[in-house]
Amino acid sequence: MENMSFAKETHTTDTAFLSLNPSTLEVIGEVVNTSREEIDARIEKAKKAQKQWAARPDAERKDILLKVADVLQTHSKHLAEWITREQGKPLNGPGSQFEMQACVGWTQVPASLDLPEEVVFEDDTRKDVLYRNPIGIVAAIAPWNWPLMIAIWQIIPSLRMGNAVIIKPSEYTTYCSIEMINLINTVLPADLLQVVTGRGEVGGYLTSHPEIGKIMFTGSIATGKKVVEASANNMARLTLECGGNDAGIILPGLDLAKHIENIFWGAFLNMGQTCACLKRLYVHEDDYEKTVQALADYSSRIPMGNGADENAVLGPIQNKMQYDKIQDLIRDTENTGADFIFRGQKPDLEGYFIPVTLVGNVDNGDRIVDEEQFGPVLPIIKYKTVEEAIEKANDSDNGLGASVWSDDVGQAQKVATQLEAGTVWINQHGAIHPFVPFGGAKQSGYGVEFGIEGLKAVTVPKVISIKK
Ligand code: NDP
């Protein structure tokens, strides 16, 4: 099954790494580790830049960030092409042009929001005013699945609240990230937003540096735990978004024709390589046959190909590590007697393609259900009672998102209140919004992003208490 060309070695030396186009395996360039001395020097520069930035009037910071949004809009096609070249997702559909529009929106919203001081208590004897001060330097560890959008989630609120940012893009998506950061830096003051690159030790060194006051991390739970350890060194505040294994429950009698498109994209957005994708689908036994049929029919109509191909709306897996991980789960599932309901057409291309795969006759306790697949393989699990579905949905260490699907929204809301997740969507999945707080329960991480809550998360609360 394995394509021999996948053996292409991505390590060039101990401290260098090749970035590839995942559709074609063409080499984009070499990613070199930023040295510790250079990281120290960049942090020193960021410290100075942050002080000047924090001292500027709030209105000026706002204006500059709105100019960043304009720059992203102006160059959105160019940056979308970079995302497609290096990350792999298609230009079209919910792909790289969609990601760039999200970058613009997630810049405009934090740039426009205000977090003014607040009188939290006042009587005849005292007045207490809560201010939200910048933390200092934010270390941002950005992932490869939505490399520019998630970088923007980390960068813009941090800058908005007067911090400097040093970002470490994933080694798999360094080039598109640098392209965006260079463009953003055409309107920002020097040294306020800097980038460090590499793999193996750069993120760890950066996040444990004594000058770092806040770490924003999106990635795996295992690395998230290392980030928590790193923060013991500098007491950095943390926002950790460590992915999920989101369950979706279809309540009995759903109008499938109305919802199937949203169920499909809830699960297969970005080839399933999305933290808040629907990763386990629970379906009542009476509706099971027609649901899997509807999903298979819909899946068969969605074209997969080279992301640069105008017709493709599904693309490759982003990297070899992830490709191997998903293939391993598929092999394990084949060995457990699961029912492979549907397997899409793999394009005749060299890259890391795994077609859309629907798997039945599986249950909690099987790896494909219990583990986050982070890929285009959806397990569909039969249930007899809604209580059983809720119990199985909650039977996970993860708790990022969940969804309930029903034409009776009141009924869906009752189920939603019982699901253990940071967000429960009804009749949609992964429908994040720049005004709405987003974060995980359980081991999916802590801290929230977006909206006013997201701005608060990149500040230090400071009270000035006045005796009257
Ligand atoms: P990781 O979660 O392992 O993150 C890798 C990034 O973290 C690199 O930039 C790395 O830099 C940095 N890093 C490693 N150790 C530390 C540390 N101690 N402190 C700070 N940063 C550190 O992601 P992978 O790319 O390896 O993917 C692994 C799995 O994570 C995937 O299979 C997928 O399941 C999940 N994932 C989840 C995402 C989500 O959206 N939640 C996104 C992407 C992946 P360096 O090597 O230089 O230290």
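Since this is a predicted model, take the numbers as computed values, not measurements.

Rules behind the numbers
- Per chain, the residues get numbers from 1 upward, laid out in the order the sequence is written.
- Where totals are concerned, whole chains, interfaces and linings use all residues; where local detail is concerned, this predicted model gives features only for residues with pLDDT of at least 70, and gives and counts side-chain atom pairs only at 80 or more.
- Calculation of side-chain values draws on the structure's entire complement of heavy atoms; hydrogens and water are dropped beforehand.
- Only protein atoms enter the 1 Å grid used here. Points where a 1.4 Å probe fits but cannot escape make up a cavity, open sets with protein on both sides within 12 Å along at least five of seven lines make up a pocket, and a residue lines them when an atom lies within 4 Å of a point.
- Grid points are joined across faces, edges and corners, and a volume is the space filled by probe spheres set on the points.
- Helix and strand assignments come from DSSP, with helices taken as H or I runs of at least 4 residues and strands as E runs of at least 2, each series counted from the N terminus.
- For this classification, Asp, Glu, Lys and Arg are treated as charged, while Ala, Val, Leu, Ile, Met, Phe, Trp, Tyr, Cys and Pro are nonpolar and the rest, including Gly, are polar.
- Exposure classes here rest on a 1.4 Å probe applied to the protein chains alone. A residue is buried below 20% of its type maximum, exposed above 50%, and partly exposed in between.
- Nearness is defined per residue: one heavy atom within 4 Å of the molecule or strand is enough.
- Under this definition, polar contacts are N or O atom pairs within 3.5 Å; protein pairs additionally need one hydrogen-donor-capable and one acceptor-capable atom, and for neighbouring residues in sequence, both atoms have to be side-chain atoms.
- The method behind every accessible area is Shrake-Rupley, applied with a 1.4 Å probe, and residues are considered shielded solely by the protein chains displayed.
- Occupancy of a cavity or pocket is assigned to a molecule whenever over half of its atoms lie within 2 Å of that pocket's grid points.

## Some remarks on the layout of surface pockets
In this structure, the largest pocket encloses a volume near 1000 Å³. As for the largest pocket, its lining consists of 38 residues, and the residues nearest its centre are Phe-217, Thr-218, Gly-219, Ser-220 and Thr-223. Elements that contribute at least two residues to the lining of the largest pocket include exactly helix H7 (202–207), strand S9 (212–218), helix H8 (221–234) and helix H11 (320–334). The dominant element in the lining of the largest pocket, judged by the number of residues it contributes, is H8, at five residues. A class-by-class count of the residues in the lining of the largest pocket yields 15 nonpolar, 13 polar and 10 charged.

## Focus: unusual backbone geometry
One non-glycine residue, Met-235, adopts positive backbone phi at about 55°. Its relative accessible area of 64% is what places Met-235 among the exposed residues. Here the phi dihedral of Asn-270 falls at roughly 55°; this positive angle occurs in a residue that is not glycine. Using a relative accessible area of 3% as the deciding quantity, one classes Asn-270 as buried.

## Section: the site of the ligand
Among the 29 residues in the neighbourhood of the ligand, the closest are listed as Gly-200, Ser-220, Thr-223, Gln-322 and Lys-325. Taking Val-202, its main chain carries an N or O atom lying 3.0 Å from an oxygen atom of the ligand. At 3.1 Å, a side-chain N or O of Thr-207 approaches a nitrogen atom of the ligand. Taking 900 Å² as the accessible area of the ligand by itself, protein coverage stands at 88%. Its atoms largely coinciding with the cavity grid, the ligand occupies the largest pocket. Those elements that provide at least two residues to the shell around the ligand are H7, S9, H8 and H11. At four residues, the largest contribution of residues to the shell around the ligand is made by H7. Taken together, the residues that form the shell around the ligand break down as 10 nonpolar, 11 polar and eight charged.

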